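Okay, here's what each chain looks like letter by letter:
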Amino acid sequence: MARRSLIAVLLAPLLLLAGVIALFALTKGAGLNIQPAAPNEAIQFERTVLRPGVIELHIRNASADAVTISQLNVNDGIWPFTVAPSSEIPRLGSAVLTVEYPWVHGEPYRITLFSSNSIAFSTEIAAAAQTATVSAGTLVSFTLIGIYVGIVPVLLGMAWLPALRRLGRRAMLLLMAATVGLLIYLGIDTITEAIEQAGELGGPLQGFGVAGIGLVGTVFLLDALSRRQMMTQRTDTERRMTLATLIAGGIGLHNLGEGLAIGAAYSVGAAALGAFLVIGFIIQNLTEGLGIVVPLIRERPSLRALAVLGVLAGGPAILGTWIGGLVSAPALSVLFLGIGSGAVLQVAYQIGRNLVWPAAERRQMPITAFAGVVAGMLALYVTGLLVK
Amino acid sequence: MPRSQGTGAASGRHRGDQKRSTHPSRRDILRLGLGGIGLAGAGIVTAMSGGGLAPEIPAGAAGSGHDGHRPQGADGADDAFAMPTVRGEVNHAANGFDPGDLLTDFDGGKVSTLPSGQTLHEYSVVAQEKSIEVVPGIRFPAWTYNGRVPGPSFRVRESDRVRIRFVNATSHPHSMHFHGIHPGNMDGVFDVASGQVPSGGTFTYEFDAEPFGVHLYHCHTSPLAKHIAKGLYGAFIIDPKEGWSRADHELVMVMNGLDIDFDDENEFYAVNTIPFHFNHDRHPIQIKVGELVRIFLINLLEFDPINSFHLHANFFHYYPTGTSRTPTEYTDTIALMQGQRGILEFTYRHPGRYMFHAHKTEFGELGWSGVFDVRAATPN
């Protein structure tokens, strides 16, 4: 009985609210009856597929109401096209437009869609190239790339463990602090990328919200996991292993995003760009391996344990290439960028809190810690200047 | 030149890339940075060429630049090459006019004789706001004379009297400004006294028709480009006293453009308003071998400085502004600036399908193209 009355009390305000909304609708918005002067339409171009003589556009309606695509322009010509399932695309719905167009390899194209309300939406093909089709063979190649990008460099980085044990304390601290700086810089840069892509998602998809959920969710998830482990584990050895696992997991999430970017690059025919990404990721991921083993310098972890850590950190890159190559969803990409940035920032925080700052305090080397962090960030900035 | 542009409140979304996440970003490239550690690894990847996923250039594509071409007949029965056109057909009945009918519906008005013996042509013109389906699925909020774009094709004889009672039934001021020789207070430019007509107002334009030729009229209310581009214009043809030579077909073609999103650039081009209407797969103009065709051609294109007319597989005699009975040129292509017009005369020798279109090919592929379907002459 008490339970029933509780439900009634909980529901009453909701029922009243429904009444207020109904009243608002019936009075046509408190009598203001506001109509926009022009319809507020938005289209998201999710994917462009090029086959010989055919251009295929995958689009999503990112506006508040349904949008009808009426005509299509390719490089200043009106071209006939087919659209599936329907040229009237419901809110958040998608459609595939197919144009028979004799495109030329390597040349740029600008495609403009006109909605029934005369609103134009444009997308560009920077350099036309046939879109790679995904087959068993490409999946094997994707897997190989994932291994190259994720697992191999992480394991190689971890192989520095014996060398690390011989480093002096100041050098060791400097190295750890530099890792923190590198990760912070990566985090900032990933957030920038997430914001850039989020801004291109339409209103209803709420790109910034998606990125924020990914970032904040990951930060607090990793934090909660580490706290739970720390609560149950008593020995320093266990704690250090937990920290290493946490770092490996965070880096794994980050590498998932990297795999995604590579797979997506191949799937739209930007294979040369993909190869460039691969090289960049390999170099970076070498230092990720370093970050994982730093907490274990004083431990004697088994080879098996190290291998598990390596796979945890590098393996998700494989999964990422598959998703990126097979699925095309900008919202998902934004989510993964958010997750990736949250992961690297959380890992930076963990390394800093557990390894760098305690050591800096204990050994009275605060300037070394500062210098390491800034050096790590500058290393990425300067090499960025050189590479770009 | 219509840069295809995003416009409107929401469409500022120029999707820059095929897929944003695919391009190496600052973030990605910065990753190259980690102090150059492991450059050896980079070499390995270059050698493996991305795990066998190097960009594939289709056979025969390198250098030929034709890999995108769909082979003729690739999709079976239809061996036609893909050509630019709109998707679907506009509802001419709902629009209230058909571009094909506009070719020939010359309007002499209500004809009577004045006490002086002069012939009088009386017209009634109403400026109306009208939503026209200019392109299949896309409606254009036009301003029209008598509900059509272009407006009525007035046709009178040299020295006849023309009297046009103009009613402005729109919410904006408008006027009718005729090209011809007439008094300043009939010019439709400066004020109410000279024919600017406020919303709900009326004015009667009256003048003698001269000189003979193919002329035009349009609204002369500012902003002028807007008032013309919205559809307020038409043909004004003055026949010489002794008439033209006999022709089998006399056709009015008003070359115009459609700025459907009001960014002062045309998204579509046409003759008589509806893009691609006279194309081979829509409504080609039917004529016969040996028939004399006379086209009254008028350029009323806004925003682009030059328009043109090109006739396939034939040549025509050209009479600039139609004010002389002697052609100045025998050609197959002419260029016209805004407001320029002339008369074309030609005869086809061979049956077949012949395109006519703007030789600014971009305009052609954006709608300004059509076809003469020439059949063999029927033996008498």
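Now for a quick tour of the structure. (Residues numbered from 1 in each chain as written. Chains lettered and ligands numbered in written order. Predicted model: local features only at pLDDT ≥ 70, side-chain atom pairs only at ≥ 80, totals over all residues. Heavy atoms only, no water.)

### Side note on the pairing of strand S19 (residues 341–347) of chain B
All names here are of chain B. Inclusion rule: To sort residues, take the accessible area from a 1.4 Å probe on protein chains only and compare it with the maximum for the residue type: under 20% means buried, over 50% means exposed, and anything in between is partly exposed. What counts as a helix is a DSSP run of H or I of at least four residues, what counts as a strand is a run of E of at least two, and both are numbered from the N terminus. The pairing criterion is simple: DSSP has to find at least two bridges between the two strands.
Taking burial as the measure, the seven residues of S19 include six buried ones, the bulk of the element. Direction of pairing for strand S14 (residues 292–299) relative to S19: antiparallel, over a ladder of seven bridges. Each residue of the ladder has a partner; that of Ile-295, found in S19, is Leu-344. Of the pairings in the sheet, the one linking strand S16 (residues 316–320) to S19 comprises four bridges and is antiparallel in character. Counterpart to His-317 in the pairing with S19 is Glu-345.

### Focus: the sheet that holds strand S1 (residues 43–51) of chain A
All names here are of chain A. For the record, the criterion: Only the contacting stretch of a helix is used when fitting its axis, a line to C-alpha atoms as for every element, and angles between N-to-C directions run 0 to 180 degrees.
One open sheet accounts for four strands, arranged S1-S2-S6-S4; its pairing is antiparallel. Bordering the open sheet on either side are S1 and strand S4 (81–84), each of which pairs with just one other strand. Each strand axis lies, on average, 20° off the axis of its neighbour in the sheet, ignoring direction. In terms of strand pairing, S1 meets strand S2 (residues 54–61) through eight bridges, oriented antiparallel. Its bridge partner lying in S2, Arg-51 is registered against Val-54.

### So, the sheet that holds strand S5 (residues 88–89) of chain A
Spatially, the four strands line up as an open sheet ordered S5-S3-S7-S8 (chain A), and their pairing is antiparallel. The open sheet has two edge strands, S5 and strand S8 (120–125) of chain A, and neither has a second partner.

### A look at the nonpolar core
In summary, soluble globular proteins display a tendency toward joint burial of nonpolar side chains. The criterion, for reference: What makes a nonpolar core is a set of buried Ala, Val, Leu, Ile, Met, Phe, Trp, Tyr and Cys residues whose side-chain atoms join them at distances within 4.5 Å.
Met-176, Met-253, Ile-295, Phe-309, Phe-356 and Phe-372 of chain B are the most contacted members of the largest nonpolar core, which has 85 residues in total. Met-176, Ala-177, Ala-244 and Ala-359 of chain A belong to the second largest nonpolar core, which has 35 residues in total.

### What about the pairing of S2 of chain A?
Across the eight residues that make up S2 of chain A, a large majority, six, are buried. In textbook terms, the turn of a hairpin is the stretch between consecutive antiparallel strands, and for S1 of chain A and S2 of chain A this stretch comprises two residues, one of which, Gly-53 of chain A, has a positive phi near 75°.

### A word on the packing of aromatic side chains
What counts, and what does not: Two aromatic rings, drawn from Phe, Tyr or Trp (for Trp, its six-membered ring), form a pair once their centres lie within 6.5 Å of each other, and the interplanar angle then sorts them: stacked below 30 degrees, edge-to-face above 60, tilted otherwise. Geometrically, a lysine NZ or arginine CZ counts as sitting over a ring once it is within 6 Å of the ring centre and also within 35 degrees of the ring normal.
Following the criterion strictly, the structure yields 31 aromatic pairs over all chains and no others. Residues Trp-79 of chain A and Tyr-101 of chain A carry aromatic rings whose centres are separated by 4.8 Å and whose planes lie at 75° to one another, so their mutual orientation is edge-to-face. Taken together, the residues Trp-79 of chain A in the loop between strand S3 (67–74) and S4 and Tyr-101 of chain A in the loop between strand S6 (94–100) and strand S7 (109–115) connect sequence positions 22 residues apart. Each member of the pair Trp-79 of chain A and Tyr-101 of chain A is classed as buried. On the numbers, 5.2 Å between centres and 25° between planes, the contact of Phe-178 of chain B with Tyr-217 of chain B is stacked. Of this pair, Phe-178 of chain B sits in strand S7 (residues 177–178) while Tyr-217 of chain B is found in strand S9 (residues 213–218), placing the two residues 39 residues apart along the sequence. Take Phe-178 of chain B and Tyr-217 of chain B: they sit in the same class, and that class is buried. Among the aromatic side chains, those forming a connected cluster through ring pairs are Tyr-123, Tyr-145, Phe-154, Phe-166, Phe-178, Phe-203, Tyr-205, Phe-207, Tyr-217 and Phe-236 of chain B. Arg-87 of chain B extends its terminal NZ or CZ atom over the ring of Phe-81 of chain A, reaching a point 4.7 Å from the ring centre. The ring of Phe-106 of chain B carries the charged tip of Arg-155 of chain B above its face, separated from the ring centre by 4.5 Å.

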